[in-house]
Amino acid sequence: VIFCHQEDSMWPLSEGSTVKKKFDEIFGQKRQVKCVETLKKKFKDLRQQNALNRKDLEHMQNNQAKAGELEEELDRVMYNLDLGKTRGRDHQQTDHGVARKAG
């Protein structure tokens, strides 16, 4: 049984939206509906942020792999440079040794 003023006694026979509004007022559904809407919006925002984070993670993983490849290439170049310097010194010593023997 719902108590109301006599002038409002015909509200159950009103339009559907009016009846819904009245029930929402009576049972406090507005707060629950607003809370559900807020949660849905936050959930949607979190899903979007999650998608962006996944893309960022993928880019970071690609960058990390590329950095590893570049580091390996740098190691090879440094090794070849050191090897070239060593060979150059060996050739210089050989050239100086030959020049001493000839002189």
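Right, let's walk through the structure included here. Owing to the predicted nature of the structure, the values given are computational and were not obtained by experimental measurement.

### Quick notes on the overall build of the chain
Along the chain, the regular secondary structure elements total two helices and zero strands. Within the chain, the proportion of its 103 residues that are buried is 3%. Split by element, the accessible area of the chain, about 10,000 Å² in all, is 55% carbon and sulfur.

### Focus on a negative patch on the surface
On the surface, a cluster of negative charge is contributed by Glu69, Glu71, Glu72 and Asp75. The residue aspartate 75 is located in helix H2 (residues 29–102) in this model.

### A word on a nonpolar patch on the surface
A surface patch of nonpolar side chains, amounting to about 280 Å² of accessible area, comprises Phe23, Ile26 and Phe27. Residue position: isoleucine 26 is located in helix H1 (residues 16–27).

### Section: the pattern of salt bridges
The final tally for this structure, using the stated rule, is one salt bridge. Among the salt bridges present, the one from lysine 41 reaches aspartate 45, with a minimum N-O distance of 3.1 Å. One end of the pair is lysine 41 and the other is aspartate 45, both in helix H2 and four residues apart, which spans about a single turn. On the accessibility criterion, lysine 41 (53% relative accessible area) is exposed.

### Focus on H1
Over its twelve residues, H1 runs 16 Å from end to end, which matches the ideal 16 Å to within 8%, given 1.5 Å per residue. Two residues or fewer past H1, glycine 28 is found with a positive phi of approximately 70°.

What counts as what
- Residues numbered from 1 in each chain as written.
- Predicted model: local features only at pLDDT ≥ 70, side-chain atom pairs only at ≥ 80, totals over all residues.
- Heavy atoms only, no water.
- Helix = DSSP H or I, 4+ residues; strand = E, 2+ residues; numbered from the N terminus.
- Buried < 20%, exposed > 50% of the residue type's maximum accessible area, 1.4 Å probe, protein only.
- Areas by Shrake-Rupley, 256 points an atom, 1.4 Å probe, with all protein chains shown as cover.
- Patch = residues over 30% accessible without salt bridge, like charges linked within 9 Å, V, L, I, M, F, W, Y side chains within 5 Å.
- Salt bridge = Lys/Arg side-chain N within 4 Å of Asp/Glu carboxyl O.
- Lys, Arg positive; Asp, Glu negative; His and termini not counted.
- Charge placed at Lys NZ, Arg CZ, Asp CG, Glu CD.
- Expected span 1.5 Å × (residues − 1).

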